[in-house]
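# Notes for the structure review
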Number of protein chains: 2
Amino acid sequence: MEESAPRSRRITFGCLVGASQVVGLASVVLTAVWMGHYHGGFAWDGTAKEFNVHPLCMVLGLIFLQGDAILVYRVFQNEPKKVVKVLHGIIHLLALIISIVGMVAVFDFHRTYGIPDMYSLHSWCGMVTLVIFCLQWVLGLLFFLFPVVSSQLRALYLPIHVFSGLVLLVLAIGSSLLGIVEKLLFSIMSTYSKRVPEGILANVLGILLVCFGVLMCYLISKEEYKRPPNPEEESLSIHFKSLTEGSPTSP
Amino acid sequence: MEESAPRSRRITFGCLVGASQVVGLASVVLTAVWMGHYHGGFAWDGTAKEFNVHPLCMVLGLIFLQGDAILVYRVFQNEPKKVVKVLHGIIHLLALIISIVGMVAVFDFHRTYGIPDMYSLHSWCGMVTLVIFCLQWVLGLLFFLFPVVSSQLRALYLPIHVFSGLVLLVLAIGSSLLGIVEKLLFSIMSTYSKRVPEGILANVLGILLVCFGVLMCYLISKEEYKRPPNPEEESLSIHFKSLTEGSPTSP
């Protein structure tokens with residue numbers, strides 16, 4: 001946060017970021033515990049143990065890391081923008097790779113047991129999310145990290161990139177909640193209504209993911225937590241502007 | 001939209017509002033068709049026909065009407081703020097009543113068949129949404145429609161009210177998607193993976209609800225679609241300010 005920001009605002013921001021990290025990490029741990037303790041753990045052999053890799057990768061990659069990748073602009077306000085931009089791209093790349101591994105795991109598992117792919121609402125929402133996520137990453141690379149387009153196009157795309165980022169995070173959380181309900185009804189339908197520990201654990205995981213989403217949306221959309229303009233970066237922008245004959249913009 | 005806004009912006013805004021209404025109404029119709037055609041229609045007799053009232057009321061009240069209630073500030077920009085505020089409150093009240101009817105329907109149905117209440121992730125998310133929705137409506141009434149608190153408190157609460165409104169809409173959509181998956185797995189689990197018409201229809205309904213949410217969030221969060229300040233209202237505000245010794249604010 002900038003030096004002039006009131007102390008109380010910085011403390012609130014710090015507490016909210018801390019809470020988001022605790023909730024996010026707790027979600028990842030709870031997913032691992034659910035799959036590890038109740039469903040036999042993890043393997044890469046086409047069986048149900050390979051399926052278990054899917055929820056863990058999606059919660060870690062498409063939710064926790066994607067959220068943190070967006071948050072870096074707010075957290076590292078005093079670091080050079082170029083550095084933060086690279087960090088934003090790298091965490092997103094990591095999120096993308098982990099998500100693709102998670103997606104491959106479920107397709108592998110389906111192939112082993114002859115289960116049809118892409119018939120459920122969870123799979124439709126999840127696939128839409130991952131495809132737009134890939135597209136968003138490639139466009140982010142081309143527009144902002146190694147800009148190959150004009151600054152006018154960049155300025156036009158920036159609000160769409162920011163809005164899509166938040167939509168993608170919410171979509172990822174929504175898709176995961178659908179996955180939780182599917183998994184519960186496929187595995188403990190007869191006992192779920194008796195409030196068995198596995199059902200409660202998975203429900204709590206769902207609520208934690210919702211809390212993570214709300215915290216992230218609040219931190220990302222609140223105007224006063226935005227990165228303040230940096231005079232040095234502004235002057236660089238003006239220099240860059242004279243080279244490209246436009247107004248350069250980056251997320 | 002204000003007179004000076006570029007024509008293209010007004011056209012885009014109109015098209016997006018139109019699209020949101022088409023998608024929203026299509027969601028309501030599809031829910032009615034799903035429950036009417038595949039699950040025997042509607043009644044108020046404690047049976048599955050009473051359950052069918054639940055999804056219809058939630059999609060109509062907690063999603064479509066709630067979205068439109070938020071949208072009125074953007075659509076009726078040239079109407080007096082007081083009128084728009086009353087309209088915002090009335091549509092929300094209608095949404096609240098319809099949602100409570102929908103909630104009663106599912107509890108009635110559970111009582112008839114001895115099904116436990118509040119054990120699923122869908123019920124947890126749905127109940128949290130409805131409780132916060134009620135709270136939000138009452139606070140909105142006390143803070144903005146018949147203000148009984150100081151203008152400082154109003155100003156403090158306004159951004160929370162606006163943020164909570166969007167979160168509530170997204171939560172309502174998320175809860176409905178969970179409900180769709182639950183209903184599908186409870187009724188057509190053995191044929192869902194064969195892509196039967198009921199499964200496809202319910203999946204399409206889910207995707208339409210997501211589209212409605214994305215359109216609404218875009219229309220509501222985009223700065224340039226915000227209601228422009230009205231000089232007459234401003235002067236009224238100043239008069240009001242002198243009476244209450246603070247800066248009056250309303251959503």
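Worth saying up front: this structure is predicted, and the values here are computed from it rather than measured. (Residues numbered from 1 in each chain as written. Chains lettered and ligands numbered in written order. Predicted model: local features only at pLDDT ≥ 70, side-chain atom pairs only at ≥ 80, totals over all residues.)

## A closer look at the overall build of chain A
To keep things clear, this is the line we draw: Secondary structure elements are taken from DSSP: a helix is a run of H or I of four residues or more, a strand is a run of E of two residues or more, and numbering for both begins at the N terminus. Labels follow a simple rule on C-beta atoms placed from the backbone: if 20 or more others lie within 10 Å of a residue's own, it is buried; if 12 or fewer, it is exposed; otherwise it is partly exposed. By the criterion used throughout, residues are in contact when their C-beta atoms, derived from the backbone, lie within 7 Å.
The secondary structure content of chain A amounts to 8 helices and 0 strands. Secondary structure of chain A in N-to-C order comes out as α-α-α-α-α-α-α-α. Counting the 251 residues in chain A, one finds 36% classified as buried. Put simply, 76% of the contacts in chain A that link residues at least 6 apart link residues at least 24 apart.

## A closer look at the interface of chain A and chain B
Residue-level contacts link 30 residues of chain A with 29 residues of chain B. Listing elements by their share of the side of chain A that touches chain B, those giving two or more residues are helix H5 (121–145), helix H6 (151–192) and helix H7 (197–221) of chain A. Take the side of chain A that touches chain B: its biggest share by element is 11 residues, from H6(A).

## Considering the packing of H5(A) against helix H7 (residues 197–221) of chain B
We apply this condition: Inter-axis angles, ranging from 0 to 180 degrees, are taken between N-to-C directions of lines fitted to C-alpha atoms, where helices are fitted over the stretch in contact. In this scheme, roughly parallel covers angles under 35 degrees and roughly antiparallel covers those over 145, while 65 to 115 is roughly perpendicular and the rest are oblique. Crossing handedness is defined as follows: a turn of the near helix away from the far one that is anticlockwise and smaller than a right angle gives a left-handed crossing, while the clockwise case is right-handed. Residue classes follow a fixed rule: Ala, Val, Leu, Ile, Met, Phe, Trp, Tyr, Cys and Pro count as nonpolar, while Asp, Glu, Lys and Arg count as charged, and any other residue, Gly among them, counts as polar.
Running from N to C, H5(A) and H7(B) point in directions that differ by 40°, and their axes come no closer than 9 Å. The angle between the axes of H5(A) and H7(B) places the two elements in the oblique class. Relative to H7(B), the crossing made by H5(A) is right-handed. For the pair formed by H5(A) and H7(B), the contact residues are Leu121(A), Trp124(A) and Cys125(A) on the first element and Ala202(B), Asn203(B), Gly206(B), Ile207(B) and Val210(B) on the second. When its residues are assigned to classes, the contact of H5(A) with H7(B) shows 6 nonpolar, 2 polar and no charged.

## So, the relation of the copies chain A and chain B
Threshold: Alignment of copies: least-squares fit on C-alpha atoms of residues with pLDDT of at least 70 in both copies.
Of the transformation superimposing chain A on chain B, the axial component is 0.0 Å and the angular component is 180°, with the fit at an RMSD of 0.0 Å. This pairing of chains is accounted for by a two-fold axis. A share of 97% of the interface residues of chain A reappears at the interface of chain B, consistent with the copies meeting face to face through the same patch.

## A closer look at H7(A)
Convention followed: Multiplying 1.5 Å by the residue count of a helix minus one yields the expected span of that helix.
The end-to-end C-alpha distance of H7(A), which contains 25 residues, comes to 36 Å, matching closely the 36 Å that a straight helix rising 1.5 Å per residue would cover. The set of residues buried in H7(A) consists of Ala202(A), Asn203(A), Leu205(A), Gly206(A), Leu208(A), Leu209(A), Val210(A), Phe212(A), Gly213(A), Leu215(A), Met216(A) and Cys217(A). Its buried side turned inward, H7(A) meets helix H1 (7–38), helix H3 (53–75) and H6 of chain A together with helix H5 (121–145) and helix H6 (151–192) of chain B.

## What about the packing of H3(A) against helix H4 (residues 81–113) of chain A?
Axis angle and axis distance: for two packed helices, these are the angle between their axes and the distance between the axes, and together they describe the pair. All names here are of chain A. Where H3 contacts H4, the axes come no closer than 8 Å and their chain directions differ by 165°. Relative to H4, the element H3 is oriented roughly antiparallel. Here H3 runs over H4; the crossing is left-handed. Tallied by class, residues from the contact of H3 with H4 come to 18 nonpolar, 7 polar and 1 charged.

## Regarding helix H4 (residues 81–113) of chain B
Residues and elements named next belong to chain B. Look at H4: 48 Å from first C-alpha to last across 33 residues, which is about the 48 Å you get at 1.5 Å a residue. If you check which residues of H4 are buried, you get Lys81, Val84, His88, His92, Ala95, Leu96, Ile98, Ser99, Gly102, Ala105, Val106 and Phe109. One or two positions beyond H4, positive phi appears at Gly114, with a value near 65°.

## Observations concerning unusual backbone geometry
One non-glycine residue, Met118(A), adopts positive backbone phi at about 55°. For Met118(A), the location among the structural elements is in the loop between H4 and H5. Met118(A) gets classed as partly exposed once you count the C-beta atoms within 10 Å, which come to 13. Phi is positive for Arg195(B), which is not a glycine, with a value near 55°. Structurally, Arg195(B) can be placed in the loop between H6 and H7.

## Some points on the environment of Leu145(A)
Residue and element names in this part refer to chain A. With respect to the helices and strands, the residue Leu145 is situated in helix H5. Remark: the alpha-carbon pair of Leu145 and Ile220, spanning 75 residues in sequence, is separated by 20 Å. Here Leu145 is in contact with Lys85, Gly89 and Gly140, once residues within four sequence places are set aside.

## Points about the confidence of the model for chain A
All names here are of chain A. What counts, and what does not: As a per-residue measure, pLDDT tells how confident the predictor is, with possible values from 0 to 100.
Looking at chain A as a whole, its pLDDT mean stands at 91, while 90% of the residues score no less than 70. Low pLDDT, under 50, characterises residues 234–250; the stretch is placed with 22 contacts to residues that sit more than four places away or in other chains. For this predicted complex, the interface score ipTM comes out at 0.92, alongside a pTM of 0.92.

## Describing the environment of Asp117(A)
Residues and elements named next belong to chain A. Tracing the backbone through its elements, the reader meets Asp117 in the loop between H4 and H5. Along the primary structure Asp117 and Val106 are separated by 11 residues, whereas in three dimensions their C-alpha atoms are 9.0 Å apart. In this structure, Asp117 is in contact with Phe107, His110 and Ser123, ignoring residues within four places of it in sequence.

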